[in-house]
Amino acid sequence: MVQSINGQNSSFGGINRIGTTPNGRIIYQVVDENGQEAGKMTIAPQDADIFEKSYNDIMESAPKIQKYALEHSSPEDIEKRKKTSQIITLLTTLIGAGIPIYLTRKANSTFKQVFATLGGAIAGLAAGMGITFAALTPPGMTKFAKASKNLSKIEIQSYNEIS
């Protein structure tokens, strides 16, 4: 069980594990960036580890993504990344098409050359898209997206204490 969720307050707020409901659900207190309680929620016990790990991953990734966005949000930077993406994709597509052209240059069948070239171009395009994603995605974004996806699968209920 992940226990490091308690007391994590940052510029994004925090969540504290504060107890369990009578039916066994785990209660978490949501705290805003000023340290004030923003609400409470409950999670099923079997989902607590996934919730806590995902929360910790988001809290670890969010500052990196925020920093990247602040440093690379000028119109010049956006245009530079767009142009870099296009160049990478174009070059890998051309290389992907060029290799089959070279390898099938002595083939008897034009049909074979066309399909080999088409297949190579598609493979090059896919490789270019993958390289572009890896090179230009903000640090921590993949971890953030995976954690968000995991959180979307968990049943989270708001908790209202009855006095």
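Figured I'd write up the structure that's included with this text. Every chain's residues receive numbers from 1 upward, in the order its sequence appears when written. Totals for whole chains, interfaces and linings use every residue, but because this is a predicted model, local features are given only for residues with pLDDT of at least 70 and side-chain atom pairs only at 80 or more, for both listing and counting. As a rule here, side-chain values come from all non-hydrogen atoms in the structure, and water together with hydrogens is ignored.

### A closer look at the nonpolar core
As a rule of thumb, soluble globular proteins bury nonpolar side chains together. Only buried residues count toward a nonpolar core. Its members are Ala, Val, Leu, Ile, Met, Phe, Trp, Tyr and Cys residues joined through side-chain atoms within 4.5 Å. Using a 1.4 Å probe on the protein chains alone, a residue whose accessible area is under 20% of its type maximum counts as buried, one over 50% counts as exposed, and one in between counts as partly exposed. Counting 13 residues, the largest nonpolar core has Ile15, Tyr28, Met41, Ile43, Phe51, Leu151 and Ile154 as its most contacted members. Counting residues per element, the ones that place at least two in this core are strand E2 (26-31), strand E3 (37-43), helix H1 (48-71) and helix H4 (141-152). Note on conventions: DSSP H or I runs of at least 4 residues are helices, E runs of at least 2 residues are strands, and numbering of each starts at the N terminus. The biggest single contributor to this core is H1, with five residues. Excluding residues within four positions of it along the chain, Leu151 makes contact with Phe51, Ser54, Ile58 and Ile156. By the convention used here, residues are in contact when the closest approach between their heavy atoms is within 4.5 Å.

### With respect to the pattern of salt bridges
Throughout this description, the term salt bridge denotes a Lys or Arg side-chain nitrogen within 4 Å of a carboxyl oxygen of Asp or Glu. With the rule as written, the count across this model stands at five salt bridges. Here Glu60 and Lys143 are joined by a salt bridge, their closest N and O atoms 2.8 Å apart. Of this pair, Glu60 sits in helix H1 while Lys143 sits in helix H4, placing them 83 residues apart in sequence. A relative accessible area of 33% means that Lys143 is categorised as partly exposed. Three or more residues joined by partner-sharing salt bridges are found here, namely Lys53, Asp57, Glu60, Lys64 and Lys143.

### Re the packing of aromatic side chains
The aromatic pairing rule takes the rings of Phe, Tyr and Trp, using the six-membered ring of Trp, and pairs them if the centres are within 6.5 Å, calling planes under 30 degrees apart stacked, those over 60 edge-to-face and the rest tilted. Counted by the stated rule, this structure contains three aromatic pairs. Ring geometry for Tyr28 against Phe51: centres 4.8 Å apart, planes inclined by 50 degrees, an arrangement best described as tilted. With Tyr28 in strand E2 and Phe51 in helix H1, this residue pair connects regions lying 23 residues apart in the sequence. Accessibility classification places Tyr28 together with Phe51 in one group, the buried group. Seen in terms of ring centroids, Phe51 and Tyr55 are 6.5 Å apart; in terms of plane orientation they differ by 20 degrees. Their pairing is stacked. Residue Phe51 and its partner Tyr55 are both found in helix H1; the two are separated by four residues, about one turn of the helix. Residue classification places Tyr55 among the buried residues on the basis of a relative accessible area of 9%.

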